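# Reading the structure
Here is what each chain is made of, one letter per residue.
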Amino acid sequence: MSSSSSTSSRQACRRTVYGVPSRCWCGQTLDTWVSETKENPYRRFYRCKIALQNKAENHLFKWIDEALLEEIRIVDAKHQDLLCDLKAVTEKTKKEVDSQRDLIVCRGEEMHNEFKEKMVQMTRSIEEATSKMKEEIDAKLNTDINAKLNSSGPMNKIAALVAICGAVYYMYWKHL
Ligand SMILES: [Zn+2]
């Protein structure tokens, strides 16, 4: 019972050879033959030599046109698989490129903000330094002027006052 079922399942398995067979189940290479039956005249098939010599034995039989059609389907399926793989790889690559681009944009914005912040700090420092320098120069000038005014005698002060008044009068007169 079990042996007959295993035999029948083995035969069922043997009958479902898909595509172009390379060898017969017996190990022999396959040749191509032409059918001479009324049902399939001139139809070509695969068969080993032993099968033709001993027709009672169970050897591989396959119509060539069917085998070729199956082979085309196999190639087509492989082609579809490749297309699927390619699509998956393309989508994966696109996602990676997108994420890298987002990272670069993000880093660029960070750098831009850092640069802006540094520029603001630098401008502030320059303004502070300029203002400090101006104060120092003003202080120095005041000290110098005071020192000169203090060092000059009252006659010099009067002479300077007269000269200033003269200059102002000259300017006034010139504009009239
Ligand atoms: Zn065979």
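A word on the overall build of the protein chain. A count of helices and strands for the protein chain gives four helices and three strands. Considering only contacts within the protein chain whose residues lie at least 6 apart along the sequence, 36% involve residues at least 24 apart.

Moving on, we get to the nonpolar core. Cys 24, Leu 30, Tyr 46, Cys 48 and Ala 51 form the largest nonpolar core, which has five residues in total. What Tyr 46 contacts, discounting residues up to four positions off in sequence, is Pro 21, Leu 30, Thr 32, Leu 60, Lys 62, Ile 64 and Ala 67.

Let's shift gears to helix H3 (residues 64-151). Along its 88 residues, H3 runs 127 Å from first to last C-alpha, staying within 8% of the 130 Å computed at 1.5 Å per residue. Little of H3 sits out of view: just zero of its 88 residues are buried.

So, on to the sheet that holds strand S1 (residues 31-34). With respect to topology, three strands assemble into an open sheet ordered S1-S2-S3, the strand pairing being antiparallel. Both outer strands of the open sheet, S1 and strand S3 (62-63), are each paired with one neighbouring strand and no more. As judged from the four bridges shared by S1 and strand S2 (residues 44-47), these two strands associate in the antiparallel manner. Paired with Asp 31 across the strands is Arg 47, a residue of S2.

Right, let's talk about the pairing of S2 for a bit. Both S2 and S3 contribute to a ladder of two bridges, which runs antiparallel. Looking at the pairing, Tyr 46 lines up with Lys 62 of S3.

Turning to the confidence of the model for the protein chain, a few remarks are in order. Per-residue confidence for the protein chain averages 86 on the pLDDT scale, and 88% of its residues sit at or above 70. Note that residues 1-10 has pLDDT below 50 and, in this model, zero contacts with residues that lie over four places away or in other chains.

Scoring rules and cut-offs
- Residues numbered from 1 in each chain as written.
- Predicted model: local features only at pLDDT ≥ 70, side-chain atom pairs only at ≥ 80, totals over all residues.
- Helix = DSSP H or I, 4+ residues; strand = E, 2+ residues; numbered from the N terminus.
- Contact = placed C-beta atoms within 7 Å.
- Core = buried A, V, L, I, M, F, W, Y, C linked by C-beta atoms within 7 Å.
- Buried ≥ 20, exposed ≤ 12 C-beta atoms within 10 Å, placed from the backbone.
- Expected span 1.5 Å × (residues − 1).
- Pairing = 2+ DSSP bridges.
- pLDDT = per-residue confidence, 0-100.

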